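Listed below are the residues making up each chain.
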Amino acid sequence: PKAGDTVYVSGAAGCVGLTAGQIFKIFGCRVIGSAGSDDKVALCKDYGFDDVFNYKTTTTAEALKEFASKGVDIYFDNVGGEMLETTLNFMNKYGRIVFCGAISQYNKNRSEAYGVHTFSNAIGKELKMEGFIVSRWQSRFPEGTQQLAKWVTEGKLKVKTTEVLGFEKTPEALLGVFKGKNLGKMVVKVE
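Keep in mind the model is a prediction, meaning the values are calculated, not measured. (Residues numbered from 1 in each chain as written. Predicted model: local features only at pLDDT ≥ 70, side-chain atom pairs only at ≥ 80, totals over all residues. Heavy atoms only, no water.)

A. Layout of the environment of isoleucine 26. Positionally, isoleucine 26 belongs in helix 1 (residues 15-26). For the pair isoleucine 26 and lysine 156, spaced 130 residues apart in sequence, the C-alpha separation works out to 7.1 Å. In contact with isoleucine 26, not counting residues within four places along its chain, are Trp151 and Lys156. (Helix = DSSP H or I, 4+ residues; strand = E, 2+ residues; numbered from the N terminus. Contact = heavy atoms within 4.5 Å.)

See below:
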């Protein structure tokens, strides 16, 4: 990212979205987020996002028209589906899209999956799009861990967890992630 880039992070109140948004802010970007409740919107604002919208009460198109009037330079996608389709319309020329997740599609079979109809924007706008799986960067984990810890110590990066007590609650906690029950990282505490 470059300072001044406009970044949109979907799924912004989860562990990955909160972390990504804060890192983009550290690099001097303007960060827009989307989340599925007013509590999650407030959390993202508390964590430094410039603008955040509740996608259940405001459409992605309405929000990006308001918050990204000059377009989106980077889209950090945790949701996929219709949100991705809409965001492609708002991408700036030479924009970048990081495909980190597609939570809106995880529980759908192939016939139910949302087909994105605006991929032609990637050609006309010369977008760079790449999937992101953290294990690809395993050789750099020590470096990443050190940098993240430094930012936490400096107060530049805040961590939020939702804790569930008891190993027997693990299935409930996992399902809670897919249902949006968590703020930040879902943690199962075992005593």
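Next comes the rest of the write-up.
B. Region of interest: the nonpolar core. Of all hydrophobic cores here, the largest spans 19 residues; its most connected members are Tyr8, Ile32, Leu64, Val72 and Tyr75. Contributions of two or more residues to this core are made by helix 3 (60-67), strand 4 (72-77), helix 4 (81-88) and strand 5 (91-99). Setting aside anything within four residues of it in sequence, one finds leucine 64 in contact with Tyr8, Ile32, Ser69, Val72, Thr87 and Phe90. Listed in part, the 18 residues of the second largest apolar core include Ala13, Phe24, Cys44 and Phe76. (Core = buried A, V, L, I, M, F, W, Y, C linked by side-chain atoms within 4.5 Å. Buried < 20%, exposed > 50% of the residue type's maximum accessible area, 1.4 Å probe, protein only.)

C. Expanded view of helix 4. Of all the eight residues making up helix 4, seven are buried; the element is thus mostly covered by neighbouring parts of the structure. Here helix 4 has its buried residues at Gly81, Met83, Leu84, Glu85, Thr86, Thr87 and Leu88.

D. The pattern of salt bridges, seen in detail. The full count for this structure, using the stated rule, is ten salt bridges. With its nearest N and O atoms 2.8 Å apart, the salt bridge here joins arginine 96 to aspartate 5. A residue pair is termed long-range when its members are at least 10 positions apart, and arginine 96 in strand 5 and aspartate 5 in the segment before strand 1 (6-9) qualify at 91 residues. Given the relative accessible area of 24%, arginine 96 is considered partly exposed. For the salt bridge of lysine 156 with glutamate 154, the shortest nitrogen-to-oxygen distance reads 3.4 Å. Overall, the relative accessible area of 46% leaves lysine 156 in the partly exposed class. Each of Lys2, Asp5 and Arg96 takes part in salt bridges that share partners, so that together they form one network. (Salt bridge = Lys/Arg side-chain N within 4 Å of Asp/Glu carboxyl O.)

E. Quick peek at the side chain of threonine 60. As for its position among the elements, threonine 60 is in helix 3. The class of threonine 60 is buried, set by a relative accessible area of 9%. Here threonine 60 is in contact with Tyr8, Phe53, Met83, Thr86 and Thr87, once residues within four sequence places are set aside.

F. Highlighting the packing of aromatic side chains. Enumeration according to the criterion identifies four aromatic pairs in this entry. Measuring from ring centre to ring centre gives 6.2 Å for phenylalanine 24 and phenylalanine 76, while their planes differ by 75°; the resulting arrangement is edge-to-face. In this pair, phenylalanine 24 sits in helix 1 while phenylalanine 76 sits in strand 4, placing the two residues 52 residues apart along the sequence. For phenylalanine 76, a relative accessible area of 10% puts it in the buried group. The interplanar angle of 85° and the centroid separation of 6.3 Å between the aromatic rings of phenylalanine 27 and tryptophan 151 together place this pair among those described as edge-to-face. Residue phenylalanine 27 is located in the loop between helix 1 and strand 2 (30-35), and its partner tryptophan 151 is located in helix 6 (residues 141-153); the two are separated by 124 residues in the primary sequence. Assessed through its relative accessible area of 40%, phenylalanine 27 is described here as partly exposed. Site record: aromatic cluster; members linked through ring pairs are Tyr8, Phe53 and Tyr75. (Phe/Tyr/Trp six-rings, centres within 6.5 Å; stacked < 30°, edge-to-face > 60°.)

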